[in-house]
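# Residue-level structural notes
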Amino acid sequence: MARILILDDNIYFARLIASQLTRLGYAVRVMEAGEELLDLLRAERYDLLIMELLLQGQDGLTLLQTLSCSPFSYLRVLIVSHRTSYVDQQRVAEYDADFLSKPVDLYELLEKVPMFLKRKSWEGRSL
Amino acid sequence: MTLNALRFIVFGVLILTSLIFLSILRLRYIANKETLQRRRAYCRMEALLLSLFDDQILAYQWALRIHAHELTYLQEFLLPYLECLKGESFDKLVAVAYHSGLVKRLLQEGRSPIAWRQAKAVYFLGLIREPQVLPLLKPGLSSGNMFWFYPSVIALARNDLRNLPQVLEALKHRSDWTEHLGVSIFAELGEEVCPVLLATLAQEETSPKIVRLAFAVMAHFGYLGSESLLNETILTSKDRELRIRALRAWSQLKLGYFEGLDLALQDPDWEIRVAAVTALGSSGTEDQTALAHPLLRDSDWWVRLRAAETMLKLCKREELYTILDDPLEDLYAQDMLRYVLTREGGATCVIPVFDVL
């Protein structure tokens, strides 16, 4: 069973995705803030991180950079964000993460999750 | 007489205190009741939302379970979902809003004399692209209050692409919007907004800020049809900001080399040279390396940095090492090239020049 972590300060949206993914058989956990992300990853192993770039009091891109330089770079990342500028998308692509812009179709997102889980991880990539 | 007066005052104070105490208790009771009602309504709506997305119930079946006094909660509850979702999931929630009578109520609130209530109603109706919202937008569009103005502009923009000239007209008279906000207003209209925007720019005389916004929107969508307009702006415009934005858009769109880039590379303004050499890096080929090379010796640090980055993208490494080894090459140019190579990770191949240090 794949384990998925959702990091989004829009708790309504995060909980909706979490409930739908749980129904599909994934083990899902929701986080509202990114400060304790690394601590959580040290304690538990996850296969996919679904995160927003616009987090309160924290820049998602900085968090992504921290993550890519950490021992948890094996984690596959899917960005689902309102921040949709070309520059942001390019930077997300640099970290080998996938990008979906909000507003997003829930059913489309649920269909794509298994595909994102199968994608090659960061492991072995020089950053 | 004095004692009676004293008794009367004490009695009055006691009554007043008890009245105040009772009022506080009453207010607390109302607030608690409101919180409790809201919590219950939210719990029920969350369960209904999950059932709706699991296809266990239809939108009208959810709507039937919503009481008239809960419509405010429904509006608050639906809003964050409507902002995040599109497609089939969005349509289901919009159907709930229609079947429950929320849309009908918001259309009435859109005529409310209270500005914040009207703004909230207009924002919600704009979000779901309700066509009947259009007649309600006029006061918001002429309002100086940004919390009323921008929901109205967003509602106008989302409603129909044909409203684009009015949106541009409204934005033209405001100065408190940023490019990012402008792009986000147009972003949800989809790529179709680009040709309409282009046609509007060709027909009407607009402010330079609007033109800059149009460039940013076209770059955002990667719209290649804007090539001739960008080309013309880079070549002929006298507005430096506009030329810089056009060069940035050119860079984002990866439109390739043209003679305008060559001219911009020799411009006396350093910011234009930076934008031009960056555009060359993102859209040029190896043949154009010779154009970036002179800028390695530029007097400005940023120009040298972007020129070095461009050469790193376009050239083979061997050519860069040749420049580093050339004793006749400018020392500042070599230094910048060395810095970029070090940052990129190729430092192990570069022998440090101790003379410079």
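Everything here concerns the structure above.
What comes next is a walk through the structure. (Residues numbered from 1 in each chain as written. Chains lettered and ligands numbered in written order. Predicted model: local features only at pLDDT ≥ 70, side-chain atom pairs only at ≥ 80, totals over all residues. Heavy atoms only, no water.)

### Describing the interface of chain B and chain A
The partner chain A presents 20 residues to the 23 residues of chain B that form the contact. Here chain B and chain A share an interface that buries about 2000 Å² over both sides, 58% of which is from carbon and sulfur atoms. One can count two salt bridges joining chain B with chain A. One can count 11 residue pairs in polar contact (both at pLDDT 80 or more) joining chain B with chain A. Where the side of chain B that touches chain A is concerned, the elements lending two or more residues are helix H1 (2-53), helix H3 (71-84), helix H4 (87-99) and helix H12 (208-221) of chain B. Element by element, the count of residues in the side of chain B that touches chain A is highest for H1(B), at six residues. Residues of the side of chain B that touches chain A, tallied by class, amount to 10 nonpolar, four polar and nine charged. (Contact = heavy atoms within 4.5 Å. Buried area = accessible area lost by both parts, 1.4 Å probe. Salt bridge = Lys/Arg side-chain N within 4 Å of Asp/Glu carboxyl O. Polar contact = N/O pair within 3.5 Å; in protein donor to acceptor, adjacent residues only side chain to side chain. Helix = DSSP H or I, 4+ residues; strand = E, 2+ residues; numbered from the N terminus. Nonpolar A, V, L, I, M, F, W, Y, C, P; charged D, E, K, R; others polar.)

### Regarding unusual backbone geometry
A:Pro103 follows A:Lys102 through a cis peptide bond whose omega is 0°. Tracing the backbone shows A:Pro103 in the loop between strand E7 (98-101) and helix H5 (106-118). Positive phi, normally seen in glycine, also occurs at B:Asp55, with a value near 60°. Inspection of the secondary structure puts B:Asp55 in the loop between H1 and helix H2 (59-64). Positioned with a positive phi, B:Lys254 is a non-glycine residue whose angle comes to about 55°. Examined against the element boundaries, B:Lys254 turns out to sit in the loop between helix H14 (240-253) and helix H15 (259-265). Residue B:Lys254 is classed as partly exposed on the basis of its relative accessible area of 45%. (Buried < 20%, exposed > 50% of the residue type's maximum accessible area, 1.4 Å probe, protein only.)

### With respect to the sheet that holds strand E1 (residues 3-7) of chain A
The pairing of strands in a sheet comes from backbone hydrogen bonds and takes either a parallel or an antiparallel form. All names here are of chain A. Taken in spatial order, the five strands of this open sheet run E2-E1-E3-E6-E7, and their pairing is parallel. Every other strand in the sheet has two partners, leaving strand E2 (27-31) and E7 as the edge strands with one partner each. In this sheet, adjacent strand axes meet at a mean angle of 20° when their direction is disregarded. Relative to E7, strand E6 (residues 76-81) runs parallel, the two sharing four bridges. By the bridge assignment for E7, Ser81 is matched with Ser101. Sheet contacts for helix H1 (residues 11-23): E1, E2, strand E3 (48-51) and E6; angle to E2, the most-contacted strand, approximately 175°. Sitting on the sheet, helix H3 (residues 60-69) is in contact with E1, E3 and E6, with an inclination near 165° to E3. (Pairing = 2+ DSSP bridges. Axes fitted to C-alpha atoms, helices over the stretch in contact; angles between N-to-C directions.)

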